[in-house]
Amino acid sequence: MGRKQKSLQTSHKLYKPLGRFNRNPGRLITLSFLAVILTGALLLTMPFSSRDGQTTPFLAALFTATSATCVTGLTIYDTWSHFSMIGQGIIICLIQIGGLGLLTLTGFFYSLIRRKVGLRTAQLTQESISADTRSNTQSLLRMVMIVTFTTELIGCLLMLPMLVPEYGNYGIFMAVFLSISAYCNAGFDLFGFLKPGASLIPVQDNFPLLAVISALIICGGLGFIVWQDVLHYRRSRRLHFHTRTVLLSTAVLLVSGTLLTLLMEWGNPATLGNMGVGEKFAHAFFQSVTCRTAGFMSFDQTAMYDVTKIVSVLLMFIGAAPGSTGGGIKLTTALILFMTVISVIRGEEDTTVIRRRIDKSIVYRSLAVAFLAACMVMFTTLVLLVTSDVSTVDALYEAVSAFGTVGLSVGVTNETNWIGQLALIFTMFFGRIGPVAFALSLSMRPKSPASRLRQEPEGKIWVA
């Protein structure tokens, strides 16, 4: 009996630190990502990670590790030109961990607390992994791994015939690298030996390759909630409300982004102007897809008209779906905010989306996430304007690209100083961690019985 009590006391001591994270799971996610980033940065500073065998400056390594783990794609050094195959392998490992990290860490958190998830704690689960119980979470995590690695494998196999005949055995590694990078919406590439820092511009005429990468980006950006629902469709013969809204919103943004890019860049000789009609449609569609937090570019982003950059900024700010490998404020957040405005204009009390009433707590969370995101973007834009000689539109473009974990660049990252680069590092980290950690803290924060019963007196305030 004494031995059993001693064992229970030891177990209690082991799980006591975990209890602090149970009360603040956002801290667990944040610290886990920080650990991955710092480990990756230290590895990338090592001589074996660079092509010339020299030590990489820590700030550049930290920037690269943050960009890879947060699946962004902004870089100080071209991935192929600066890093060795070992360094490239480290980067792709960081991308894979970062692409799945938030979802798996969230799922493991619910498994670690060893109990069924209550109504309030289920809010995060419904948003990120759509599970109510520990068993459902574990089942979903298995599905996530199967869908991820199967999709990446298919993408890799489709790219092999395009890359191996052209680049030999290295083409195999390129296919694996590009497949993971595209599915995780990371935007890292290995075409620097053709033109450093040009992303996919050197192979912009390889439309089958662009098509495969586009498909991988879309698959990764839909979110695992949607994938689980789609895979179960044959059995249930119905799609959940969340899935229908994500699929509809995705289609609307892809089509509108393509048409707007075509309209504004049709006659621009530095982008789409000198292409044929079919090529213009293909590259406009790819631009619309890559703005969904992917970061690959098939034509020069710096040469776009300012109005096109603003449209791309809006697409990047919205981003991908919840529970996906992409970033941004998320499709559903943007949709809820838009429909809230419509409801106010109509004089309605509740926000409705496709004839469904949205709970006010979800509306408030959407407003909070969007407001925090806008504040972060404004702060980073101001820092970039102070630390580099660029236009306001370009500074905004780079700031939103960092927050939305997109990775599209108009050259500001390489023009700014170390202060601007630190601001971009923090923005990439916040863009990947902040909204989820914030939503998780709201979902998990318990209310005392007194606060539930207390009702503050109404205050009258007028707004325009």
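Scroll up to find the structure.
(A) Geometry of the overall build of the protein chain. For the protein chain, the helix and strand inventory stands at 20 helices and two strands. When the accessible surface of the protein chain is split by element, carbon and sulfur atoms take 65% of a total near 21800 Å².

(B) Inspection of the nonpolar core at higher detail. Core analysis: the largest hydrophobic core is formed by 104 residues, its most contacted members being Ile95, Met159, Ile213 and Phe296. The greatest single-element share of this core, amounting to nine residues, is contributed by helix H8 (residues 170-183). Apart from the residues within four sequence positions on either side, Met159 is in contact with Ala175, Leu178, Ser179, Leu209, Val212, Ile213 and Leu216.

(C) Representation of helix H3 (residues 58-69) in the model. The end-to-end C-alpha separation of H3 is 16 Å, in line with the 16 Å expected for twelve residues at 1.5 Å each. Turning to H3, its buried residues are Ala60, Ala61, Leu62, Phe63, Thr64, Ala65, Thr66, Ser67, Ala68 and Thr69. After H3 finishes, the residue Val71 shows a positive phi value of roughly 45°.

(D) Seen up close, the packing of helix H12 (residues 241-265) against helix H15 (residues 331-346). Contact geometry for H12 and H15: axes closest at 10 Å, N-to-C directions at 85°. Viewed along their axes, H12 and H15 adopt a mutual orientation that is roughly perpendicular. Along the contact surface, H12 presents His242, Thr245, Val246, Ser249, Thr250 and Leu253, while H15 presents Leu331, Thr332 and Leu335. The residue makeup of the contact of H12 with H15, split by class, is four nonpolar, five polar and no charged.

(E) Spatial organisation of H15. With 16 residues, H15 extends 22 Å from end C-alpha to end C-alpha; this agrees with the ideal 22 Å at 1.5 Å per step. Structurally, H15 contributes buried residues whose contacts are with H12, helix H14 (306-318), strand S1 (351-353), strand S2 (356-358) and helix H16 (360-387). Just past H15, the residue Gly347 takes up positive phi, approximately 80°.

(F) Here's a closer look at unusual backbone geometry. Of note in this structure, Val71 is not a glycine but carries a positive phi near 45°. Looking at the element boundaries, Val71 is found in the loop between H3 and helix H4 (79-82). Look at Val71 and you get buried, because its relative accessible area is 0%. Positive phi values are uncommon outside glycine, yet Lys330 reaches one of about 90°. Tracing the sequence through the fold places Lys330 in the loop between H14 and H15.

(G) View of the pattern of salt bridges. Enumeration according to the criterion identifies two salt bridges in this entry. The shortest N-O distance in the salt bridge between Asp394 and Lys309 comes to 2.7 Å. Taken as a pair, Asp394 in helix H17 (residues 392-403) and Lys309 in helix H14 lie far apart in primary sequence, 85 residues in all. Judged by its relative accessible area of 15%, Asp394 is buried. Owing to a relative accessible area of 3%, Lys309 belongs among the buried residues under this scheme. Among the ionic pairs, Lys360 bridges to Asp350, the shortest N-O distance being 2.6 Å. Of this pair, Lys360 sits in helix H16 while Asp350 sits in the loop between H15 and S1, placing them ten residues apart in sequence. According to the relative accessible area criterion, Asp350 is partly exposed, its value standing at 28%.

(H) Structural view of the side chain of Ser214. For Ser214, the location among the structural elements is in helix H9 (residues 207-222). The exposure class assigned to Ser214 is buried, which follows from its relative accessible area of 5%. Ignoring any residue separated from it by four or fewer positions in sequence, one finds Ser214 in contact with Phe285, Phe286 and Val289.

Each value, and the rule that gives it
Residues numbered from 1 in each chain as written. Predicted model: local features only at pLDDT ≥ 70, side-chain atom pairs only at ≥ 80, totals over all residues. Heavy atoms only, no water. Helix = DSSP H or I, 4+ residues; strand = E, 2+ residues; numbered from the N terminus. Areas by Shrake-Rupley, 256 points an atom, 1.4 Å probe, with all protein chains shown as cover. Core = buried A, V, L, I, M, F, W, Y, C linked by side-chain atoms within 4.5 Å. Buried < 20%, exposed > 50% of the residue type's maximum accessible area, 1.4 Å probe, protein only. Contact = heavy atoms within 4.5 Å. Expected span 1.5 Å × (residues − 1). Axes fitted to C-alpha atoms, helices over the stretch in contact; angles between N-to-C directions. Parallel < 35°, antiparallel > 145°, perpendicular 65-115°, else oblique. Nonpolar A, V, L, I, M, F, W, Y, C, P; charged D, E, K, R; others polar. Salt bridge = Lys/Arg side-chain N within 4 Å of Asp/Glu carboxyl O.

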